[in-house]
Amino acid sequence: MSKAFYITTPIYYVNDKPHIGHAYTTIACDVLARFKRLDGFDVKFLTGTDEHGQKVAKAAADKGIEAIALCDQNSKNFRDLAATLGISNDDFIRTTEERHVKSCQALWKRLEDNGHIYLDKYAGWYAVRDEAYYDEAELTKGPNGERLAPTGAPVEWVEEESYFFNLSKWQDKLLALYDANPNFIGPKSRFNEVYSFVKGGLRDISISRTTFSWGIPVPGNDKHVMYVWIDALTNYITALGYPNEKDEYATFWPEAHHMVGKDIIRFHCVYWPAFLMAADLPPPKRVYAHGWWTVEGQKMSKSLGNAIDPNHMVAEYGLDQIRYFLLREVPFGNDGDFSEAAIAGRINGELANELGNLAQRFLSFIGKNLDGVLPAAGDLTGEDRELLSACYGLVDQCRGAMDRQAFHEVLESIWNVVRAANGYVDKQAPWTLKKTDPERMKTVLYVLAETVRHIAILMQPFTPHAMDKLLDQLAVPTDKRMFTDLGEANALQGGLVLPTPQGVFPRYDVKAGKGTA
Ligand code: MSP
């Protein structure tokens, strides 16, 4: 039986248009999902939209349309974005779906039956933009003396009857969860941040609202709608069929991995495991918090109008190029800056020159000099073996790094082989061997083909479209592109007829703003 793997993106608020930040999380999850599938896992990959709450209700009211109409429109933008980015999600959840309403109400009932919910009065600060409650002590002052949330969001005073979840009772259990599972939160710096937050003490949290109605009704008291975060977090189990705890839930929930931005770890690493434990359900296996992107050194904001539309990026730079850039440019977990110069540098320096040329040079050489027939290898030299054994060892290195969501390390290990292969071509100089030692030339070409086969199979999660083309050019059958096909046992056979080679990574010309092959 294959091993299960469950990966989720945060569900995106439908008040906003998709931008590079959303694309980033979704692409990272897609790379992970594809990697695990190629590694033989049974993968479930979920993304979707977060449609309830005051922020969405307000955005709809500002436009003078029904909330559901806004949700329908904007949820579609995120669904289309997934298609534009070549995302391989297995499901797309909307929190306005009936399956989700049932699941949230079932979870609420469990919390209530287990005695963890009580009715009281809430009086305090709320930031609609963050959909979060803040203590007085957390607030800062804005330029006109107005109170602001630590995120800079405006806050308003809220006083209303509210249901509360007894979060304060979960401090010890949460600390015990973190102690027993040091990999529960990644990277380590975020683990430490969450740990000290919980160590500092927890207060009960308000989990319902009465002053607006765009939400899931609280079972038994429909004056109240659920707080949007309890509703949103529950999406991860709704999609597995909860409240049915068999079938997909039983297979995938024990292997749940949530990918989130650093701004929403408190919800995922404190509230969510506490809700689950209180409902006698196990917490997810791991939550990974990535950093934030700025654009040409500036924070993205509506007022600056500098949010990058992922559709524009795909049209301008190419899809595989963006996927590669976002995961290569910064160590995953750190913040990053998007600039034209940086992406052009990665496209031209690494994809076009180092990998694209490596493949093109020997493939067109075979095309021109050997009628496109892959030669068989003769006796291998120490240098041949060294390069091949670097290829054979690669998958284990990639696996290790991928399990820590260190995408940049995965790419770095693959790139060590790309660079070694370029060094090998320069040193072996097959174009010279053509005259001096044609038999040796064949061996060198064969070793290069095997090397590029390994690189291409392992690069598939990152640049799937270009690697499909490259593997086609190496005549690797589509059912021989899994990680089990790596290694010597499945090596290419001499005598294979290769199709006419074509470049897979065009150069990007910064001035003209166009790729040139
Ligand atoms: N709806 C909540 C999540 C609920 S999950 C149960 C939400 N939505 S969001 O649309 O505001 O943000 C979704 C994700 O996008 C978050 O993980 C956030 O960190 C990420 N990003 C938003 N702007 C970003 C950047 N500028 N850079 C990187 N990621 C960013 O929060």
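Our subject is the structure that appears above.
Residues numbered from 1 in each chain as written. Predicted model: local features only at pLDDT ≥ 70, side-chain atom pairs only at ≥ 80, totals over all residues. Heavy atoms only, no water.

**Student:** Break down the site of the ligand for me, citing the residues and quoting the values.
**Tutor:** The environment of the ligand is made up of 23 residues, and the closest members are I11, D50, G261, D263 and W293. Y13 is positioned with one of its backbone polar atoms (N or O) 3.2 Å from an oxygen atom of the ligand. The side chain of D263 places a nitrogen or oxygen atom 2.5 Å from an oxygen atom of the ligand. When the ligand is considered free in solution it has 660 Å² of accessible area, and contact with the protein chains removes 94% of it. Looking at the shell around the ligand, the elements with two or more residues in it are β2 (12–13), α1 (20–38), α7 (228–233), α8 (235–238) and β15 (256–261). (Near = heavy atom within 4 Å. Polar contact = N/O pair within 3.5 Å; in protein donor to acceptor, adjacent residues only side chain to side chain. Areas by Shrake-Rupley, 256 points an atom, 1.4 Å probe, with all protein chains shown as cover. Helix = DSSP H or I, 4+ residues; strand = E, 2+ residues; numbered from the N terminus.)

**Student:** Tell me about the pattern of salt bridges, and name the residues and values.
**Tutor:** Under the counting rule described, the total for this entry stands at 37 salt bridges. Residues R399 and D39 are paired through a salt bridge, measuring 2.7 Å at the closest nitrogen-oxygen approach. A residue pair is termed long-range when its members are at least 10 positions apart, and R399 in helix α14 (residues 382–402) and D39 in the loop between α1 and β3 (42–50) qualify at 360 residues. Classification of R399 by relative accessible area gives partly exposed; the value is 30%. (Salt bridge = Lys/Arg side-chain N within 4 Å of Asp/Glu carboxyl O. Buried < 20%, exposed > 50% of the residue type's maximum accessible area, 1.4 Å probe, protein only.)

**Student:** Got a sec to walk through unusual backbone geometry? Specific residues and values, please.
**Tutor:** P187 follows G186 through a cis peptide bond whose omega is -10 degrees. Among the structural elements, P187 can be located in the loop between β10 (185–186) and α6 (188–199). Here A429, not a glycine, exhibits a phi torsion of approximately 40 degrees, which is positive. Structurally, A429 is set in the loop between α15 (407–428) and α16 (430–436). Overall, A429 belongs to the buried group, its relative accessible area being 11%.

**Student:** Go over the sheet that holds strand β13 (residues 217–218), please, and point to the residues and values.
**Tutor:** Read from one edge to the other, the open sheet built from three strands follows the order β12-β14-β13, with strand pairing classed as antiparallel. Each edge of the open sheet is held by one strand with a lone partner, namely β12 (208–209) and β13. By the bridge criterion, two bridges tie β12 to strand β14 (residues 221–226) in an arrangement that is antiparallel. Of the residues in β14, the one forming a bridge with R209 is V225. Lying over the sheet, helix α4 (residues 98–113) contacts β12, β13 and β14, oriented at roughly 105 degrees with respect to β14. (Pairing = 2+ DSSP bridges. Contact = heavy atoms within 4.5 Å. Axes fitted to C-alpha atoms, helices over the stretch in contact; angles between N-to-C directions.)

**Student:** Break down the environment of I68 for me, citing the residues and quoting the values.
**Tutor:** Residue placement: I68 occurs in helix α3 (residues 67–84). By relative accessible area, I68 is classed as partly exposed at 36%. With 320 residues separating them in the primary sequence, I68 and L388 have C-alpha atoms 57 Å apart. Sequence-distant contacts of I68, that is, excluding residues within four places in its chain, are made with R94, T96 and W214.

**Student:** Account for the packing of aromatic side chains, with residues named and values stated.
**Tutor:** Where two aromatic rings form a pair, the distance of their centres and the angle of their planes describe that pair. This model, assessed by the stated rule, comprises 34 aromatic pairs. Ring geometry for Y6 versus F252: centroids 6.3 Å apart, planes at 50 degrees, classification tilted. In this pair, Y6 sits in strand β1 (residues 4–8) while F252 sits in helix α9 (residues 247–252), placing the two residues 246 residues apart along the sequence. Each member of the pair, Y6 together with F252, is buried. Each ring, one from Y122 and one from Y133, has its centre 4.7 Å from the other, and the planes form 65 degrees; the classification is edge-to-face. Residue Y122 is found in strand β5 (residues 117–127), and its partner Y133 is found in strand β6 (residues 132–134); the two are separated by eleven residues along the sequence. Here the two residues Y122 and Y133 agree in accessibility, since each one is buried. Linked through ring pairs, Y24, Y288, W293, Y317, F325, F332, F338, F407 and Y508 together constitute an aromatic cluster. The lysine or arginine in question, K36, covers the ring of F41, its NZ or CZ lying 4.4 Å from the ring centre. Of note, K188 hangs over the ring of F191, and the distance from its end group to the ring centre comes to 4.1 Å. (Phe/Tyr/Trp six-rings, centres within 6.5 Å; stacked < 30°, edge-to-face > 60°. Lys NZ or Arg CZ within 6 Å of the ring centre and 35° of its normal.)

**Student:** I'd like a rundown of the nonpolar core, residues and numbers included.
**Tutor:** In terms of nonpolar packing, the biggest core is built from 100 residues, with L327, F407 and I414 touching the most fellow members. When residues of this core are assigned to their parent elements, the largest contribution, 13 residues, is made by helix α17 (residues 438–459). Taken domain by domain, this core gets at least three of its residues from each of domain 1 (4–291) and domain 2 (339–516). Look past the residues within four positions of I414 in its chain and what remains in contact with it is L394, C398, I455, L458 and M459. Counting 79 residues, the second-largest nonpolar core is a separate cluster that includes W125, L174, A279 and L281. (Core = buried A, V, L, I, M, F, W, Y, C linked by side-chain atoms within 4.5 Å. Domains from an automatic or database assignment.)

**Student:** Can you break down the environment of Q473 residue by residue, with the values?
**Tutor:** Within the fold, Q473 resides in helix α18 (residues 464–473). Taking C-alpha positions, Q473 is 10.0 Å from Q360, a pair spaced 113 residues apart along the chain. Apart from residues no more than four positions distant in its own chain, Q473 is found in contact with Q360, L363, L498, P499, P501, Q502 and V504.

**Student:** An account of helix α2 (residues 54–63) is requested, with residue identities and associated values reported.
**Tutor:** Among all positions in α2, only Q54, K55, V56, A59 and A60 are buried. Buried residues in α2 make contact with β2, β3, α3, β5, β9 (156–165) and β12. Positive backbone phi, at 70 degrees, marks G64, one or two positions downstream of α2.

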